[in-house]
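Below are the chains, spelled out letter by letter.
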Amino acid sequence: MLVPLLASLIPALASAQSNDIAVVVNQNNLVINVSAAELRKIFAGERSSWPGGTSIKLLTRGRGAREHDCLLGLLHMTETEYEHYWKERSGVGTEAPVTLPSNGMQKEAVQAFRGAIALVQMRDVRSPMRVIKVEGRFPNQDGYPLR
């Protein structure tokens, strides 16, 4: 009786886990948790370095990707506002996010840049990406803010 019950829960758990958007960093990054407000500042380019001084490298997915939609929600912007915002920021010397067309390229970039941070669907997280907590919670935990 217990086995069928557990088996029936596995698809729901896998679904919840795979639909959440994880915040991933380079495996050498010592950060383990960020607040939603800190994450917003990071992806808005208002914070340019990690504790310890490593420069933050923003990696994003392009239009149409679920991660991109999540990013727009996090920043409280429309696509047009986001594009305009980064044109202005780039004009004053802020490095714009690197937009990557695939999860594989995102994985490689997270590995290559010590200060990298990206939003990735949980089902697409691969080693050596390291998932960090947001508001003290990992993806698939109750109260996780990036769904």
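Conventions adopted
Residues numbered from 1 in each chain as written. Predicted model: local features only at pLDDT ≥ 70, side-chain atom pairs only at ≥ 80, totals over all residues. Heavy atoms only, no water. Helix = DSSP H or I, 4+ residues; strand = E, 2+ residues; numbered from the N terminus. Buried < 20%, exposed > 50% of the residue type's maximum accessible area, 1.4 Å probe, protein only. Contact = heavy atoms within 4.5 Å. Areas by Shrake-Rupley, 256 points an atom, 1.4 Å probe, with all protein chains shown as cover. Pairing = 2+ DSSP bridges. Axes fitted to C-alpha atoms, helices over the stretch in contact; angles between N-to-C directions. Core = buried A, V, L, I, M, F, W, Y, C linked by side-chain atoms within 4.5 Å.

Our focus in this paragraph is the overall build of the protein chain. Broken down by element type, the protein chain carries five helices and six strands. When the elements of the protein chain are put in sequence order from the N terminus, they spell out α-β-β-α-β-α-α-β-α-β-β. Across the 147 residues of the protein chain, 41% fall into the buried class. By sequence separation, contacts in the protein chain at least 24 residues apart represent 70% of the contacts at least 6 residues apart. Carbon together with sulfur atoms contributes 55% to the accessible area of the protein chain, which is approximately 8,200 Å² in total.

Here we come to the sheet that holds strand β4 (residues 98-100). Across a sheet, strands are paired by hydrogen bonds formed along the backbone, either parallel or antiparallel in direction. On the basis of which strands lie adjacent, the open sheet formed by six strands has the order β2-β6-β1-β5-β3-β4 and mixed pairing. Across the chains shown, the open sheet's two edge strands, defined by having one partner strand only, are β2 (33-34) and β4. Those strands touched by helix α2 (residues 36-43) are β1 (21-25), β2, β3 (57-61), β5 (116-121) and β6 (130-134), and its axis lies near 110° from that of β5.

One finds V23, L39, F43, I117 and L146 to be the most contacted residues of the largest nonpolar core, which totals 27 residues. Broken down by secondary-structure element, the contributors of at least two residues to this core are β1, α2, α3 (66-75), α4 (79-91), β5 and β6. Counting residues per element, this core draws most heavily on α3, which supplies five residues. In this structure, L146 is in contact with D20, I21, V23, L39, C70, L74, L119 and V134, ignoring residues within four places of it in sequence. In terms of nonpolar packing, the next biggest core, distinct from the first, is built from 13 residues, A22, A116, V120 and M122 among them.

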